[in-house]
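Structural overview for review
Chain by chain, the residues run as shown.
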Amino acid sequence: MNEKIRIFLVAGARPNFMKIAPLFRAIQMNSDSLYPIIIHTGQHYDFNMSDSFFIDLKMPKPDYFLGVGSGTHAQQTARIMIEFEKVLLEEQPDILIVVGDVNSTLACSIVASKIEYLNNNKCHIPFVTRNKRPLIVHVEAGLRSFDRTMPEEINRIVTDSLSDILFTTSDDADDNLINEGISQEKIYCVGNVMIDTLETMKSDIHQCTITTQIGLVNVDYGVVTLHRPSNVDSLENLRDIMQVLSAISNKINLVFPIHPRTRKQLEKNSLSIPLKSNNRIKLIEPLSYKEFMKLLFESKFVITDSGGLQEETTYLGIPCLTLRPNTERPITITQGTNELVDLSDMEEKVNLIMEGNWKNGSVPENWDGKTAHRIVSILLGQITTM
Ligand code: UD1
């Protein structure tokens, strides 16, 4: 094992798990020269926000679990940095791969950029010997909402500025990076690793029985997910959103797997009580990957503020109404099935979808289920010369 190039794969929160899974598998397929080490920071820790994903995605238990839990941004980021530094110094991997835009992505790339490996005899690539730190690789680089009130936007900008190799999902992300002065040579447009997971898991997803379990077989329904602070942290906003969802449910059933942040707000303010008596809105716990994807596959449309869902709906050709003033994933609008909506237009947009008046969209280039393999072969080609 010591002769192999060791790669840290960092995941912290729910959307990260389906991004590291295909990378883990692609690295394992090159196990003669590469060795993956999974670091779970513990940013998400509930069974259905974390463990259930490892089970569904057939991933081994993480090699390290940092157990950082929740807190303010500073607390959470600081805890990840402190714990991650210890593991980084102990293992001294050649490569650090971070994915997405959560606090774990930011924290681990900052630590890796300033670490100094002492007495390093574990490393195998010239870059590491020379710089005494791992090569930092960001998967899903270059996405920008241009809205710095979003914590994720700060995480994206800082992570990209520290990364040595940047893998992007679409050309607009390449343009954003180049506009920020990042050298073209570091950037590779490779497609979307989330789609790799979706493709790999397709037959497992089809066999999942969640729609039967929640009584939605042969019933038209829309899926709702909301968790962004801008939507759910303000009582007024959340109350308005719930009223609009209630009105939409008069026309079509809605299923709403509730994120812990949203549940806290709903319960603190007794907003879920009226919805509980409305049997056309099903408020359910967060689902596992397979369950959620099954629900999505059979849905008529999605109302969301998630980043990943904008991409998954575009891939599947399902209409997506994104309740945000901006998106870091514009290709899902220009090419896909996504549209940004204001709450006041939501009902009208749902009507359009139900009348069959929605764009069909097309799948962006390289969203083909093979992105992780592209990433690993680029890494294998680059690392010996860097
Ligand atoms: C985080 C990410 C966001 C991502 C989202 C996906 C950052 C800045 N935000 O936001 O980009 O879209 O994950 O879900 O990294 N909680 C639990 N159980 C858990 C996890 C969280 O109860 O397993 C509670 C926490 O106590 C906290 C709230 O949920 O109060 C929010 O969790 P937090 O990790 O702070 O951010 P998210 O909103 O999940």
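Criteria and cut-off values
- Residues numbered from 1 in each chain as written.
- Predicted model: local features only at pLDDT ≥ 70, side-chain atom pairs only at ≥ 80, totals over all residues.
- Heavy atoms only, no water.
- Core = buried A, V, L, I, M, F, W, Y, C linked by side-chain atoms within 4.5 Å.
- Buried < 20%, exposed > 50% of the residue type's maximum accessible area, 1.4 Å probe, protein only.
- Helix = DSSP H or I, 4+ residues; strand = E, 2+ residues; numbered from the N terminus.
- Domains from an automatic or database assignment.
- Contact = heavy atoms within 4.5 Å.
- Pairing = 2+ DSSP bridges.
- Axes fitted to C-alpha atoms, helices over the stretch in contact; angles between N-to-C directions.
- 1 Å grid on protein atoms, 1.4 Å probe; cavity = no way out; pocket = protein on both sides within 12 Å on 5 of 7 lines; lining within 4 Å.
- Points joined across faces, edges and corners; volume = space filled by probe spheres on them.
- Salt bridge = Lys/Arg side-chain N within 4 Å of Asp/Glu carboxyl O.
- Expected span 1.5 Å × (residues − 1).
- Arc of directions from axis to C-beta.
- Patch = residues over 30% accessible without salt bridge, like charges linked within 9 Å, V, L, I, M, F, W, Y side chains within 5 Å.
- Areas by Shrake-Rupley, 256 points an atom, 1.4 Å probe, with all protein chains shown as cover.
- Lys, Arg positive; Asp, Glu negative; His and termini not counted.
- Charge placed at Lys NZ, Arg CZ, Asp CG, Glu CD.
- Phe/Tyr/Trp six-rings, centres within 6.5 Å; stacked < 30°, edge-to-face > 60°.
- Near = heavy atom within 4 Å.
- Polar contact = N/O pair within 3.5 Å; in protein donor to acceptor, adjacent residues only side chain to side chain.
- Sits in = over half its atoms within 2 Å of the grid points.
- Nonpolar A, V, L, I, M, F, W, Y, C, P; charged D, E, K, R; others polar.

1. Topic: the nonpolar core
With 84 residues, the main nonpolar core has Phe84, Ile97 and Phe167 as its most contacted residues. Looking at this core, the element that brings in the most residues is helix α1 (residues 14–28), giving eight residues. Both of domain 1 (5–192 + 367–385) and domain 2 (202–354) provide at least three residues apiece to this core. Not counting chain neighbours up to four residues away, the residues in contact with Ile97 comprise Ile7, Phe8, Leu9, Val10, Leu23, Ile27, Val137, Val139 and Leu379.

2. Considering the sheet that holds strand β5 (residues 135–139)
Here seven strands make up an open sheet; going across it, the order is β3-β2-β1-β4-β5-β6-β7 and the pairing parallel. The open sheet has two edge strands, β3 (64–65) and β7 (187–189), and neither has a second partner. Of the pairings in the sheet, the one linking strand β4 (residues 95–99) to β5 comprises five bridges and is parallel in character. Each residue of the ladder has a partner; that of Val99, found in β5, is Val139. Packed on one face of the sheet, helix α3 (residues 73–91) meets β1 (5–11), β2 (34–40), β3 and β4 and runs near 170 degrees to β1.

3. With respect to the layout of surface pockets
Roughly 1,200 Å³ of internal volume is contained in the largest pocket. Around the largest pocket, the lining is made up of 48 residues, and of these Pro15, His44, Met49, His227 and His259 lie nearest the centre. Of all the secondary-structure elements, those providing two or more residues to the lining of the largest pocket are α1, α3, α6 (151–162), α12 (260–268), α14 (289–297) and α15 (308–316). Split by domain, the residues of the lining of the largest pocket number at least three in each of domain 1 (5–192 + 367–385) and domain 2 (202–354).

4. Thoughts on the pattern of salt bridges
This model, assessed by the stated rule, comprises 24 salt bridges. Among the salt bridges present, the one from Arg329 reaches Glu328, with a minimum N-O distance of 2.7 Å. Via salt bridges that share partners, Lys19, Asp101, Glu140, Glu153, Arg156, Glu311, Arg324, Glu328 and Arg329 belong to a single interconnected network.

5. Some remarks on helix α18 (residues 371–383)
With 13 residues, α18 ought to run about 18 Å at 1.5 Å a step, and its terminal C-alpha atoms sit 18 Å apart, in line with that. Taken together, the buried positions of α18 are occupied by Thr371, Ala372, Ile375, Val376, Ile378, Leu379 and Ile383. Seen along its axis, α18 keeps its buried residues to an arc of 160 degrees; they face one direction.

6. A short note on a negative patch on the surface
Negative charge collects at one region of the surface, where Asp342, Asp345, Glu348 and Glu355 lie side by side. Along the chain, Asp342 turns up in the loop between β13 (338–340) and α17 (346–354).

7. Details of the packing of aromatic side chains
Given two aromatic rings, one states the distance between the centres and the angle between the planes to describe the pair. On inspection of all chains with the given rule, the structure shows four aromatic pairs. Ring plane angle 45 degrees and centroid distance 6.2 Å describe the contact between Phe17 and Phe53, whose orientation is recorded as tilted. Of the two residues, Phe17 is situated in helix α1 and Phe53 in helix α2 (residues 51–56); the sequence distance between them amounts to 36 residues. For Phe17, a relative accessible area of 1% gives the class buried. Phe53 sits in the buried class, given a relative accessible area of 4%. Consider the rings of Phe167 and Tyr188, whose centres lie 5.7 Å apart with planes at 40 degrees: the pair is tilted. Linking Phe167 in strand β6 (residues 165–168) with Tyr188 in strand β7, this pair joins segments that are 21 residues apart in sequence. When its relative accessible area of 18% is taken as the criterion, Tyr188 is described as buried. The rings of Phe17, Phe53 and Phe54 are connected pair by pair, giving a single aromatic cluster.

8. Quick word on the site of the ligand
In the vicinity of the ligand, 19 residues are found, and the nearest of them are Gln43, His44, Glu152, Arg261 and Lys264. Tyr45 places a main-chain nitrogen or oxygen 2.8 Å from an oxygen atom of the ligand. Asp46 has a polar backbone atom sitting 2.8 Å from an oxygen atom of the ligand. In this structure the site holding the ligand corresponds to the largest pocket. Take the shell around the ligand: its biggest share by element is three residues, from α12. In this structure, the shell around the ligand is formed jointly by two domains, domain 1 (5–192 + 367–385) and domain 2 (202–354), each of which donates at least three residues.

9. A word on empty space enclosed by the protein
For the coordinates displayed, the defined rule picks out one cavity of 30 Å³ or more. When its residues are assigned to classes, the lining of the largest cavity shows four nonpolar, four polar and one charged.

10. Observations regarding the sheet that holds strand β12 (residues 320–322)
Strands in a sheet are paired, the pairing made by backbone hydrogen bonds, and the direction either parallel or antiparallel. Across the sheet, six strands lie side by side as β10-β9-β8-β11-β12-β13; this open sheet has parallel pairing. With one partner strand each, in any of the chains shown, β10 (281–284) and β13 form the two edges of the open sheet. Averaged over neighbouring strand pairs, the angle between their axes works out to 20 degrees when direction is ignored. Both strand β8 (residues 221–225) and strand β9 (residues 253–257) contribute to a ladder of three bridges, which runs parallel. When the bridges of β9 are listed, Val223 appears paired with Val255. Its contacts with the sheet put α14 on β8, β9 and β11 (301–304), and the angle it makes with β8 is roughly 135 degrees.

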